[in-house]
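Examining the three-dimensional arrangement
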Amino acid sequence: MGNGKPVAVIVQPEGLATILVGITLALCVITTIIVSLRVWFRYWLRRTRIEPNGWGWDDWLIGFGMLAFIAACCFTVVAAYYGLGMPDSKVNSAQRVVALQLVFFFQLSEAAFTILVKSSIAVFLIRLTTQKRYHYPLWFVIIATVAGCVVPGVVVITLCRPLAAQWDPSLGTCGDYGIITQLSYAVSVITVVTDWTCAIIPCILIRKLNIPPNHKLPLMATLSLGILASVASIGRMPYLKYYDATVDRLYGEANIVLWCIIEGALAFIAGSLPPLRKAPELLITKIKSQTSTQRSQSHVELEDRPRNPRPPQQDAECPYDNDSQHSLLPEIQKSSLKPQVSVVSQTDHSVESYNALGSCDRIK
C-alpha cells in the first residue's frame, strides 16, 4: 500500500455475506451427499444386475452437473471473503474487482449446472414412458433450459470489451447492463415453466396407474419436488435489478447468488430423491438374500459336489430392461393381477416394464 493503491485483502464476512457463506456451505455438503448416494445406488443396481441397464444419461448429466455446482459454491464462498454481500462502505475498489470477477465465474458455473441438472431430470422422466405426447414437452424443457442459459451467457461475455472490463470498468467499456436484467427476468419465467412441467408430467403418468391411492400420493410427491426450485426462482426476481446497480452492487448481487444456490440445490435434491426412494428396501432385501444363500451353501457337504461343479446359471435377460427404472416404482408390479406381461398397443411402456419386474426376479 506504499503507492496509495487499495489492495484486495480478505475481509471477514458480515451480515448477508455471513448468511451467504453458511447457506452455501450447508447446501453444498447436503447436495453432494444426496447426489453421491444417487449415483452410487444407480451404479450398484447395474453392478448387481438388479437393473443391468438402469444406468443412463440422466445419471451422467446429474453427476457432471454436481461438479459444476460445487465449483459455483466455491466461487460464492471465496467471493464473500472479498466483499460479496457487503455494502460499498465495507469494501475497497480492489476487493470489489476480485468479488465481481468471482461472481462472473459463478454465473458461468450456474449456467452449466442448471443445464445439466434440468436435462437430467427431463431425461429421467423421458425414460419412464415411450408415449410421444410426454416426450415433446420434456424435450421442450431441455431446449428451453439450454437457450435460457446460453443466450444470457453469451450476452454477459460479449457485453464488455475487453472481457476483464466486466469486473474492472477501468480496463475498457461495457454496454447497457439493463439487457442482463431483462434477460434474467425472462430466464426466471422459463425456469418456473420448466420446473412445473417436470412436476406435472409424472403426476399425470402415475395418476393413470392401477395402484392404490396410498402408493400414488407418495410417488407424486417424490417426483414433483422440482416445484420447490421454482419457488427459489420467484424469490430472486426482486433482486435482479441489482445487475445494473451503481451503488451497493455486491450487496444486491449476493441475494441473486444466494437464491441461485438454493434453486440449484433443490433441483439436484429433487432429481436425486426419486431414484433413491426404494434404495433402503432393495439394499436390505439384497443383504438378507445373500446372507440366506451363504447359510444354505455352508450346509452342503463338499464331498457330494462334483469335482468340476457347474457354474451357476445367470438369470435370463429381462426383455424390458433396455431402459429400466424399476427401482423407482417397484410396487407397480403389485398392481398386476397376472405374472405374465400383458402388452396393449396404447399402454404406457412404463407400466409394462414395471409389471414385467414381477416375472424377472433380480434380487438374489
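Quantities reported herein were computed from a predicted structural model and do not represent experimental measurements.

In this structure, Asp59 sits in helix α2 (residues 57-80). A residue is classified by how much of its surface remains accessible, and Asp59, at 1% relative accessible area, is buried. Put simply, Asp59 and Val35 are 24 residues apart on the chain and 9.5 Å apart in space, counted from C-alpha to C-alpha. Discounting residues that sit within four places of it in the chain, Asp59 has contacts with Arg38, Arg42, Gly54 and Arg127.

Okay, the confidence of the model for the chain next. Taken as a whole, the chain shows an average pLDDT of 78; of its residues, 76% reach a score of 70 or greater. By mean pLDDT, the top-scoring element of the chain is α2 (94), and the lowest-scoring one is helix α10 (residues 349-356) (36). When the criterion is pLDDT under 50, residues 312-324 qualifies, and its contacts beyond four places in sequence or with other chains add up to 30 contacts.

Turning our eyes to something else, we now look at the pattern of salt bridges. Considering all chains together, one arrives at nine salt bridges under this definition. Note that Asp58 and Arg42 form a salt bridge whose closest N and O atoms lie 3.5 Å from each other. You can see Asp58 sitting in helix α2 and its partner Arg42 sitting in helix α1 (residues 16-47), a full 16 residues away along the chain. Both residues of the pair, Asp58 and Arg42, belong to the buried class. Salt bridges linked by common partners bring Arg38, Arg42, Asp58, Asp59 and Arg127 together as one network.

Attention now moves to the packing of helix α4 (residues 132-158) against helix α5 (residues 178-207). At a closest axis distance of 10 Å, the pairing of α4 and α5 adopts a crossing angle of 160°. Of the possible angle classes, the one that applies to α4 and α5 is roughly antiparallel. Like other packed secondary-structure pairs, α4 and α5 cross with a definite hand, here left-handed. Between α4 and α5, the contacting residues are Tyr134, Pro137, Leu138, Phe140, Val141, Ala144, Thr145, Gly148, Pro152, Val155 and Val156 on the first element and Ile179, Ile180, Leu183, Val187, Ile190, Val193, Thr194, Thr197, Cys198, Ile201, Ile204 and Leu205 on the second. Split into classes, the residues belonging to the contact of α4 with α5 amount to 19 nonpolar, four polar and no charged.

Of note, the bond from Arg161 into Pro162 is cis; its omega dihedral lies within 30 degrees of zero at -5°. Tracing the backbone shows Pro162 in the loop between β1 (160-161) and β2 (173-174).

A word on the packing of aromatic side chains. What the rule picks out here adds up to 11 aromatic pairs. Seen from their ring centres, Trp55 and Trp60 are 5.5 Å apart, and the 85° between their planes marks the pair as edge-to-face. Assessed through its relative accessible area of 17%, Trp55 is described here as buried. Within the aromatic cluster, the residues linked to one another by ring pairs are Phe75, Phe104, Phe105 and Trp167.

Conventions adopted
- Residues numbered from 1 in each chain as written.
- Predicted model: local features only at pLDDT ≥ 70, side-chain atom pairs only at ≥ 80, totals over all residues.
- Heavy atoms only, no water.
- Helix = DSSP H or I, 4+ residues; strand = E, 2+ residues; numbered from the N terminus.
- Buried < 20%, exposed > 50% of the residue type's maximum accessible area, 1.4 Å probe, protein only.
- Contact = heavy atoms within 4.5 Å.
- pLDDT = per-residue confidence, 0-100.
- Salt bridge = Lys/Arg side-chain N within 4 Å of Asp/Glu carboxyl O.
- Axes fitted to C-alpha atoms, helices over the stretch in contact; angles between N-to-C directions.
- Parallel < 35°, antiparallel > 145°, perpendicular 65-115°, else oblique.
- Left-handed = near helix turned anticlockwise from the far one by under 90°.
- Nonpolar A, V, L, I, M, F, W, Y, C, P; charged D, E, K, R; others polar.
- Phe/Tyr/Trp six-rings, centres within 6.5 Å; stacked < 30°, edge-to-face > 60°.

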